[in-house]
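Structural overview for review
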Amino acid sequence: QIPAMYYFHAATGLYFRMPSIFVQFFLLTFLTVENSAVQSPICNSMIPSISLSNGVEMPQLAMGTCFRDTMKDENNPSGLPLNPNFFGFLPERTHRALTHALAMGYRHIDTALVYRSQKAIGSVLASHFASGALTREDLFITSKLYHGSMPGLTRKGTTLDLENMTPEEVSVAVETQFETILEELNLGYVDLMLLHWPAEMDSKHEGNAARRLAAWKVLEDCFSRGWARSIGVSNFSEAHIEQLMEDGAKILPMVNQIEASVYKQWNGIADYCRGKGIGLMAYSPLGMGKASLLADPILAGIASKHNVEPAQAAMRYLVQLGYAILPLSTSEKRLGQNMGVFSFELDDTDMETLGKLKSMNEGIGLPSPY
Ligand code: A2P
């Protein structure tokens, strides 16, 4: 049934641009809607899903909620914060953007303890639950814990000292962070919980592997208790995952969320994850909205060939590579555009051309594999 549902969602996307094939898929649609409603209501929207290794269906488009001061704001077109000294997260941007996104059909929300957007997400969800507009089962919520501090950006209480903690201290702290996340979101469980980073950025500390294992074991426990329907990692290299399994992890991560865009293509780790059945999620699929990516002439040419926006072509590339994407936007118009990635298809030549576009000097990237 799972592959059949994938084809169903691909087919529903096609209806909007090729009405002539509607009749061809009419029967299949009605049969599959009936099945998917029983399996997972989140699959009833226009967004296809990826089947994780434990059978959980993860919607392939998520709303990113890492609102930082560098993000453009519709009410502040210059993109600059009102106080030029401010540097940090702006969780207040979540309320309106998420309300628009849910109305449009977004059902997957990506957040993390460090983003500080979880309380706002919890409050928007609460109003939807109260009105009966949505139920918990309609949604797929991804969160992350286990993040080192980034002075000036992160707040105390959301981060851990990943360079100095003992594995025992990590176990206690990660369980506490998990509980905090559920409390902030006001939810009983999340659909996916990730270890946010393998270590402090670029750390080569010899204790990193033992700390990662301790943190992962807490996620395994929380998974068995039903606090998370699936568990995974973020920003992990092949070496990090291999070492985790060698050191005694019982569960192979179900997802690895990494930075990926047409300018940031990690073929090694992506192939590794595909080979192991680890679901791929791409953060910053638009290169953090940098003009250099969105104005790339090759990307623009492919976009105009398909009569879509460059941002849509850039994200469609990742979708066809099998990534779930989590673009960030505060704009109703662009949230809508970003849902449009399921209504057209790039051909083999487009895929090959975009595959050669990488310009690895932008973005955050993977940390060193220690
Ligand atoms: P905005 O909030 O004004 O829409 P990324 O997801 O790669 O981190 O990129 C996020 C940035 O990309 C944000 O600044 C966001 O700005 C911008 N963005 C999101 N969607 C689009 C789009 N469809 N076209 C152009 N820019 C976009």
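Residues numbered from 1 in each chain as written. Predicted model: local features only at pLDDT ≥ 70, side-chain atom pairs only at ≥ 80, totals over all residues. Heavy atoms only, no water.

1. Let's talk about the nonpolar core
Nonpolar side chains in soluble globular proteins tend to end up buried together. Ranked by internal contacts, the top residues of the largest apolar core, which has 84 residues, are Leu145, Tyr146, Phe178 and Leu195. Beyond its immediate stretch of four places on either side in the chain, Leu145 contacts Val174, Gln177, Phe178, Ile181, Met193, Leu194, Leu195, His196 and Leu219. In terms of nonpolar packing, the next biggest core, distinct from the first, is built from 14 residues, Leu52, Val56, Leu194 and Tyr283 among them. (Core = buried A, V, L, I, M, F, W, Y, C linked by side-chain atoms within 4.5 Å. Buried < 20%, exposed > 50% of the residue type's maximum accessible area, 1.4 Å probe, protein only. Contact = heavy atoms within 4.5 Å.)

2. Considerations on the side chain of Gln177
Here Gln177 shows up in helix α5 (residues 167-185). With residues up to four places along the chain from it excluded, the contact list for Gln177 reads Leu113, Leu145, Tyr146, Thr158, Thr159 and Leu160. (Helix = DSSP H or I, 4+ residues; strand = E, 2+ residues; numbered from the N terminus.)

3. Some thoughts on the confidence of the model for the chain
Interpretation of the predicted coordinates at a detailed level should be avoided for regions scoring low in pLDDT. Chain-level statistics for the chain give a pLDDT mean of 86 and a share of 81% at 70 or above. With pLDDT under 50 throughout, residues 1-41 is counted as low confidence; its partners more than four residues away or in other chains account for 41 contacts. (pLDDT = per-residue confidence, 0-100.)

4. Focus on the sheet that holds strand β3 (residues 62-64)
Within the open sheet, the 8 strands sit side by side as β3-β4-β5-β6-β7-β8-β9-β10. Their pairing is parallel. Unpaired on one side and paired on the other, β3 and β10 (324-326) mark the two borders of the sheet. Neighbour-to-neighbour, the strand axes of this sheet turn through a mean angle of 25°, independent of strand direction. Here β3 pairs with strand β4 (residues 108-110) via 3 bridges, running parallel. Looking across to β4, one finds that Gly64 is bridged to Asp110. (Pairing = 2+ DSSP bridges. Axes fitted to C-alpha atoms, helices over the stretch in contact; angles between N-to-C directions.)

5. Things to note about the pairing of strand β8 (residues 255-259)
Extensive coverage of β8 is indicated by the burial of 5 of its 5 residues. The pairing of strand β7 (residues 231-234) with β8 spans 2 bridges and is parallel. Across the sheet, residue Val233 finds its bridge partner in β8, namely Asn256. For the handedness criterion, the β-α-β arrangement of β7, helix α7 (residues 238-246) and β8 is classed as right-handed. (Right-handed = clockwise from strand over helix to strand, strands pointing away.)

6. Observations regarding the pairing of β7
Regular strands show a simple pattern: their side chains alternate between the two faces of the sheet. Alternating positions in β7 separate into two faces, Ile231 and Val233 on one and Gly232 and Ser234 on the other, with burial throughout. In terms of strand pairing, strand β6 (residues 192-195) meets β7 through 3 bridges, oriented parallel. By the bridge assignment, Leu195 is partnered in β7 with Val233. In this fold, β6 hands off to helix α6 (residues 208-224), which returns the chain to β7; that crossover is right-handed.

7. Concerning the packing of helix α10 (residues 297-305) against helix α11 (residues 310-320)
Close contact between α10 and α11 brings their axes to 8 Å; oriented N to C, the two are set at 95°. The angle between α10 and α11 falls in the class roughly perpendicular. For the pair α10 and α11, the contacting residues are Leu299, Ala300 and Ala303 in the first and Pro310, Ala313 and Ala314 in the second. Residue composition of the contact of α10 with α11, by class: 6 nonpolar, no polar and no charged. (Parallel < 35°, antiparallel > 145°, perpendicular 65-115°, else oblique. Nonpolar A, V, L, I, M, F, W, Y, C, P; charged D, E, K, R; others polar.)

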